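Inside the fold
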Amino acid sequence: MCSCGHHFPLHAEAWIALLSDVGEWEEHWADLMPVDVLHWQRPRPYRAILDRGLEQGLNEAVRTGPCAIGGRRFWMAVFDFRFIGGTLGMVAGERLTRAIEHAITDDVPFLLVAASGGARMQESAHALMQMAKVNGAVAALHDARVPYLSLLTYPTYGGTAASLALLADINIAEPGAAIGFTGPRVIEQSTHERLPDRFQTAEFQLGHGQVDMIVQRLDLRRTLALLHDLLT
Amino acid sequence: VNEDAVREGWRRVELARHPERPHASDYIERMIGTFQELRGDRLVGDDPALIAGLGSWHGMTVMCFGQQKGRRQRDRVACNFGMMHPEGFRKAMRLARTASKLGLPILSIVDTPGAYPGAGAEERGIASAIGAAIMEWFRIETPVVAAIVGEGGSGGALGMAVADRVLMLENAIYSVASPEACASITWRDASFKQEAAQQMQLTAGSLLRHGIVDEVVPEPEGGAHVAADEAVRLLDTALLRHMLELRNQSRDVLMRRRHQRFRHIDRAHLAL
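Figured I'd write up the structure that's included with this text. Please read these numbers as outputs of a predicted model, since none were measured by experiment. (Residues numbered from 1 in each chain as written. Chains lettered and ligands numbered in written order. Predicted model: local features only at pLDDT ≥ 70, side-chain atom pairs only at ≥ 80, totals over all residues. Heavy atoms only, no water.)

1. Digging into the interface of chain B and chain A
Contact residues are listed per partner, giving 51 residues for chain B and 54 residues for chain A. Overall, the association of chain B and chain A removes approximately 4,400 Å² of surface from exposure, summing both partners, and the carbon and sulfur fraction of that is 67%. Three residues, Glu122(B), Val176(B) and Arg263(B), lead the burial of chain B against chain A; their summed loss comes to 15% of the area buried on that side. Scanning the region where chain B abuts chain A turns up five salt bridges. (Contact = heavy atoms within 4.5 Å. Buried area = accessible area lost by both parts, 1.4 Å probe. Salt bridge = Lys/Arg side-chain N within 4 Å of Asp/Glu carboxyl O.)

Below is the structure:
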């Protein structure tokens, strides 16, 4: 975070280090690897994109596991925007779904940290289907009366925003996060509308009823622990 | 690049978007008797991109939905080219809950380039409206059969296609984004739309092979627009066959299988 208050985007490891108590994060299903089902070739082969991720030590856009925040147990799923723009693909969706299912089984709150451009083009309809797969799990989570907290960070768009990200019991946004379905460039191109200042920011979404609160990064652990206490 | 595959894929996209292709209103008018349209989301308005209503169909009362594109320019503009706003998804789920409460089966005719990409839709929460719809379909206690009859574009299509059975017309397309949007995202240039379409494998045959849809409904020779009555009859027959199967299932079995259908839709491709 900058001294001016600007929140720089964080990747998954940084989020885990920031939020979880030391030694309490236990990653699950890290060995589940994405597959190039459609044999995607152009403009870059999906296989080459996946290999580039592996060189960076990343094999998917979502990481999942149980953790503790101030001693409170959560099942957590964290998007990593570095991996193909944090896009939702089959393995990302599978990890999210399993984490939600484990939150139900263990009866501990589910915490999502969202940072995603939407569904992944290179998996096409399979990626689209993840929206239904994860939302089926979210329906079961709510029906099982297990709390769901969603932390929306810069940026949360497309198929991720339009599946699980905004369906939590409590939606929390980071200051300056961009949250929406269609990105501003596409809206301007397709409708020629002039968009207002601060369009789709966390503050805009607070004003339009989509998020419950905006929380500074340094207050997140305290807020999440408090909400855990109030909800369980 | 396989030029033939690209050409063939694009021919399907053009057929799926053909202006004379039967639209939702054509199917509803021909299939549903005494159709009574129902309007409004009970919150802020009504979405003309989604026709919704009750009618009789093969002796059953059904709740029927259809994404409506319009044919003449004035109609197309009036219903936003089939692109739904949040009000449309909220209207759909209000009425799906009514159908669930009253034990009425649901038909959903899907034909949209995608949800409406505008400032007003964003201001009124299009993302959470689609998300809530996708989630709510898992709670509907009556059979749901969806048919993609033209374009199945992105979350705007999926929001009306979380069903027990998903059928697709022979020349319809279904994909994570429109070919133009996919090309913009991956090439940063929409003019690669034909290659994008081919790579997304958005045709009915491909999606059947991938287990995304349950059945491909044949169209008359040359496409549904060549013989609309015949196209409607073929879809009607397929829809009825699936609905009669689903009507024999108990509520619990129906809901569990719908959940499992999507939970394990990619099972074959996950290296477990």
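2. So, the nonpolar core
Judged by nonpolar contacts, the single largest core of 142 residues is most densely connected at Phe110(A), Phe65(B) and Tyr174(B). Beyond its immediate sequence surroundings of up to four residues, Tyr174(B) is in contact with Leu128(A), Met129(A), Ile148(B), Gly152(B), Ala157(B), Leu158(B), Ala161(B), Met168(B), Leu202(B), Leu207(B), Ile212(B) and Val213(B). Trp25(A), Phe74(A), Met76(A) and Leu227(A) belong to the second largest nonpolar core, which has 20 residues in total. (Core = buried A, V, L, I, M, F, W, Y, C linked by side-chain atoms within 4.5 Å. Buried < 20%, exposed > 50% of the residue type's maximum accessible area, 1.4 Å probe, protein only.)

3. Focus: the state of the cysteines
Residue and element names in this part refer to chain B. Enumeration over the complete set of coordinates arrives at zero disulfides over all chains. Left unpaired, cysteine 64 is separated from the closest cysteine sulfur, that of cysteine 79, by 16 Å. Cysteine 64 sits in the buried class, given a relative accessible area of 0%. (Disulfide = S-S within 2.5 Å.)

4. As for the environment of Asp51(A)
Considering the arrangement of structural elements, one finds Asp51(A) in helix α2 (residues 46–55). It is 27 Å that separates the C-alpha atoms of Asp51(A) and Ser163(A), two residues lying 112 residues apart in sequence. (Helix = DSSP H or I, 4+ residues; strand = E, 2+ residues; numbered from the N terminus.)

5. Quick notes on the side chain of Thr87(A)
Residues and elements named next belong to chain A. Among the structural elements, threonine 87 can be located in the loop between β2 (72–79) and α3 (90–106). A distance of 2.8 Å separates a polar side-chain atom of threonine 87 from the backbone oxygen of isoleucine 84. Side-chain polar atoms of threonine 87 contact the side chain of arginine 120, separated by 2.8 Å. (Polar contact = N/O pair within 3.5 Å; in protein donor to acceptor, adjacent residues only side chain to side chain.)

6. Here we look at the pattern of salt bridges
If you walk through the whole model with that rule in mind, you get 46 salt bridges over all chains. Arg52(A) is the salt-bridge partner of Glu55(A), the closest N and O atoms lying 3.8 Å from each other. Here the residue Glu55(A) and the residue Arg52(A) both occupy positions in helix α2, the gap between them amounting to three residues, near one helical turn. A residue is classified by how much of its surface remains accessible, and Glu55(A), at 65% relative accessible area, is exposed. The closest approach of N and O atoms between Asp214(B) and Arg261(B), which form a salt bridge, is 3.0 Å. Of this pair, Asp214(B) sits in the loop between α10 (204–209) and β8 (215–217) while Arg261(B) sits in helix α12 (residues 251–263), and the two are 47 residues apart along the sequence.

7. With respect to helix α4 (residues 86–102) of chain B
Residues and elements named next belong to chain B. The end-to-end C-alpha distance of α4, which contains 17 residues, comes to 24 Å, matching closely the 24 Å that a straight helix rising 1.5 Å per residue would cover. Counting buried positions over the 17 residues of α4 gives 12, a clear majority of the element. All buried positions along α4 are accounted for by Pro86, Glu87, Gly88, Phe89, Lys91, Ala92, Met93, Arg94, Leu95, Ala96, Ala99 and Ser100. Of the surrounding elements, those touching the buried residues of α4 are β2 (50–57), β3 (60–67), β4 (106–112), α5 (119–123), α6 (126–136) and α7 (154–158). Residue glycine 103 follows α4 closely and has a positive phi angle near 75°. (Expected span 1.5 Å × (residues − 1).)

8. Concerning a nonpolar patch on the surface
Residue and element names in this part refer to chain A. On the surface, a cluster of nonpolar side chains totalling about 290 Å² of accessible area is made up of Leu226, Leu230 and Leu231. With respect to the helices and strands, the residue leucine 231 is situated in helix α8 (residues 220–231). Classification of leucine 231 by relative accessible area gives partly exposed; the value is 37%. (Patch = residues over 30% accessible without salt bridge, like charges linked within 9 Å, V, L, I, M, F, W, Y side chains within 5 Å. Areas by Shrake-Rupley, 256 points an atom, 1.4 Å probe, with all protein chains shown as cover.)

9. So, the packing of aromatic side chains
Counted according to the given criterion, the structure contains six aromatic pairs over all chains. Summarising the aromatic geometry, the rings of Phe199(A) and Phe204(A) are spaced 5.1 Å apart at their centres and angled 70° between planes, so their arrangement reads as edge-to-face. Each member of the pair Phe199(A) and Phe204(A) is classed as buried. A ring pair is formed by Phe65(B) and Trp137(B), whose centres lie 6.2 Å apart and whose planes are at 80°; its orientation type is edge-to-face. Of the two residues, Phe65(B) sits in strand β3 while Trp137(B) sits in the loop between α6 and β5 (144–153), which places them 72 residues apart along the sequence. A relative accessible area of 1% means that Trp137(B) is categorised as buried. The ring centre of Phe262(B) lies 4.8 Å from the NZ or CZ of Arg261(B), which sits over that ring. (Phe/Tyr/Trp six-rings, centres within 6.5 Å; stacked < 30°, edge-to-face > 60°. Lys NZ or Arg CZ within 6 Å of the ring centre and 35° of its normal.)

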